[in-house]
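This is what each chain is made of:
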Amino acid sequence: MKKILALVLCCLLLTGCQGITFSVEDLLTSPVIADEQTSIFQALTQGIGKSITLQYPYSGDYRSAIVLEDIDGSEGQEALAFYSEALNESVTGVAVLDKQNDGEWKLETTVTGVGTAIDRVIIHPIGQTVDIIIGYRTSALDESQVRMYRYINGNLATIYENTYTVLEKYDIDGCGVDEIVLARKAGDYVTVSVIKSFDGVNYIPYELLLTHPVTSIAEHNFGKISESNSALYLDLLNEGGALSTEIIYLYDEGISSPTNTVLGMREYTRRPSGYLCLDYDGDGVVEVPVVSNFTGYPAGIGTSNEYMTMWHTFNSQSSMLELKSNSYYSLTGGFVLTIPNRWLGLVTVKTNSETGEATFYKYDTEIASIDEMHPIMSIVSTYDQDAGKYSEEDGYRLVAQTERRQYFVKTMAQDGEQLVLTNDEILDNLYCLD
Ligand SMILES: [Ca+2]
Ligand SMILES: [Ca+2]
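Model, not experiment: these values are computed from the prediction. (Residues numbered from 1 in each chain as written. Chains lettered and ligands numbered in written order. Predicted model: local features only at pLDDT ≥ 70, side-chain atom pairs only at ≥ 80, totals over all residues. Heavy atoms only, no water.)

1. A few points about the packing of aromatic side chains
Note the following rule: Working definition: rings of Phe, Tyr and Trp (its six-membered ring) pair if their centres are within 6.5 Å, and the pair is stacked with planes under 30 degrees apart, edge-to-face with planes over 60 apart, and tilted otherwise. Secondary structure elements are taken from DSSP: a helix is a run of H or I of four residues or more, a strand is a run of E of two residues or more, and numbering for both begins at the N terminus.
Enumeration according to the criterion identifies 14 aromatic pairs in this entry. Relative to Tyr251, the ring of Tyr249 lies with its centre 6.2 Å away and its plane at 65°, an arrangement referred to as edge-to-face. Where Tyr275 meets Tyr307, the ring centres are 6.0 Å apart and the plane angle is 90°; that geometry is what we call edge-to-face. Here Tyr307 lies in strand β19 (residues 307-315) and Tyr275 lies in the loop between α5 (265-268) and β18 (288-293), a separation of 32 residues in the sequence.

Next up, the structure:
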């Protein structure tokens, strides 16, 4: 069988994009599983006694309308199915089916969901039990509903409910078992909940109200803050469109947010929208970007502002944000170029608004316009199809590439110029983000 499969895959690869009318996924789907899904669907339809439409989760790890998992600790898998009745498609139902000894599936129970569609499904083993968490989309755009269910004696019992914007499963305290992490906006404020089990049966919800008004939650990330502990980084949009970050973590069985409590810390992270927290160097620690004007801006050397992005990491010992690096961060170009210390105060930049090419200049206070200053180097990223634009003839060299992009550098300064970066320096300082 393996050989045949390998051959089929080979043929697929060889045919390239010449009109394949079937997908690899279809080929790999075991007919046994497909049969199982069909019998589950039939048992579901029969059990409900009405015509139904299956509903597929929009996001998360489970994207199928039928999920096979052991949710009662009895070794065999149960089936969870998401559906709506054909005559009432705005109401979501969740069903549990179990396999009988004769191999037939039987509908055990159903619950009516609390939304118009399934946003995401989380299967949550905590030790003694496996809980089912379902996020529902509702007709209100920014308000989703979460229900946590436990399958007990053939019924789905609701053990927790709330609204959410962020719904994740993450081992935030490094205890070895995941917590459920929720963030929601109620009125002008954001509340974070971390739902943790110590004994593998019961939960303790830790809640924290962030005390600054916001307009929306722009992004969330998890990252290490110590050997074992992690934090949730919430990028929040404020009135006026600026971003700021709140850092939230568990400690000593409590929940804490230094950005929310330490005076001035949250304000310190205030920056223009778009500058989201990011683990730009992939070391597992999330960096918080704070921006300042690049040398010479906005005093009139260029028409639009250019920012120096200063990446900060959170030090959980001192509870402070610490500067990690200064950089040129290209939001559209998908890269971070950290700025060597010998450039600080001596080099400035101008970005071509059409191509995104960033040209670094030797800053000269005697010269009014940046275009008159001496260029040192430029850097630009491009998608493959445009790569021909940056040719060796024009002085560009390819310094890095990812699956999606190519990164070119052109050195313009003369030999002996101390500010020129060597190729190794460029590679050490360049972080390709996509
Ligand atoms: Ca944990
Ligand atoms: Ca990092």
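2. Brief notes about the pairing of strand β20 (residues 320-330)
Keep this limit in mind: Strands qualify as paired when DSSP identifies two bridges or more between them.
Examined bridge by bridge, β19 and β20 share 7 bridges and lie antiparallel to one another. Bridge pairing in β20 links Asn315 to Met320. Counted between consecutive antiparallel strands, the loop separating β19 from β20 contains 4 residues, among which Ser319 sits at a positive phi close to 60°. Here 4 bridges tie β20 to strand β21 (residues 335-338), and the two strands are oriented antiparallel to one another. In the strand pairing of β21, Ser330 is matched with Phe335. A loop of 4 residues connects β20 with β21, the two strands running antiparallel in sequence, and Gly334 in this loop sits at a positive phi of about 70°.

3. A word on the coordination of the calcium ion (ligand 1)
Rule in force here: Think of the donor list as every N, O and S atom within 2.8 Å of the metal, or within 3.2 Å for Na, K and Ca; water never makes the list, so a site can look incomplete. Note on geometry labels: four donors, all angles 85 to 135 degrees, give tetrahedral; four donors become square planar and six octahedral when opposite donors are over 155 degrees apart and every other angle is between 65 and 115; remaining cases are irregular. Partly exposed residues are those whose accessible area sits between 20% and 50% of the maximum for their type, while under 20% is buried and over 50% is exposed, using a 1.4 Å probe and protein chains only.
Coordination of the calcium ion (ligand 1) by the protein is provided by Asp171 (OD), Asp173 (OD), Cys175 (SG), Val177 (O), Glu179 (OE) and Glu179 (OE), with metal-donor distances spanning 2.1 to 2.5 Å. Of note is the calcium ion (ligand 1), whose 6 donor atoms meet at the metal with angles of 55 to 176° in an arrangement that counts as irregular. Sequence spacing of the donors to the calcium ion (ligand 1): D-x1-D-x1-C-x1-V-x1-E. With relative accessibility at 1%, the residue Glu179 sits in the buried group.

4. Side note on the sheet that holds strand β12 (residues 189-196)
What counts is decided by this rule: All axes are obtained by fitting lines to C-alpha atoms, using only the stretch in contact for helices, and the reported angles, taken between N-to-C directions, cover 0 to 180 degrees.
Spatial ordering of the open sheet is given by β10-β11-β12-β13, a layout of 4 strands whose pairing is antiparallel. Only two strands of the sheet have a single partner each, and these edge strands are β10 (166-170) and β13 (204-209). Neighbour-to-neighbour, the strand axes of the sheet open up by a mean angle of 15°, direction not taken into account. Judged from the 6 bridges that link them, β12 and β13 form a sheet pairing that is antiparallel. In the strand pairing of β13, Ile195 is matched with Pro205.

5. Side note on the coordination of the calcium ion (ligand 2)
Each protein donor to the calcium ion (ligand 2) is listed here as Asp279 (OD), Asp281 (OD), Asp283 (OD), Val285 (O), Glu287 (OE) and Glu287 (OE); together their distances run 2.1 to 2.7 Å. Considering all 6 donor atoms around the calcium ion (ligand 2), the spread of angles at the metal, 53 to 171°, places the coordination shape in the irregular class. Taken in chain order, the donor set of the calcium ion (ligand 2) reads D-x1-D-x1-D-x1-V-x1-E. Asp279 gets classed as partly exposed once you look at its relative accessible area, which sits at 27%. Classification of Asp283 as partly exposed rests on a relative accessible area of 34%.

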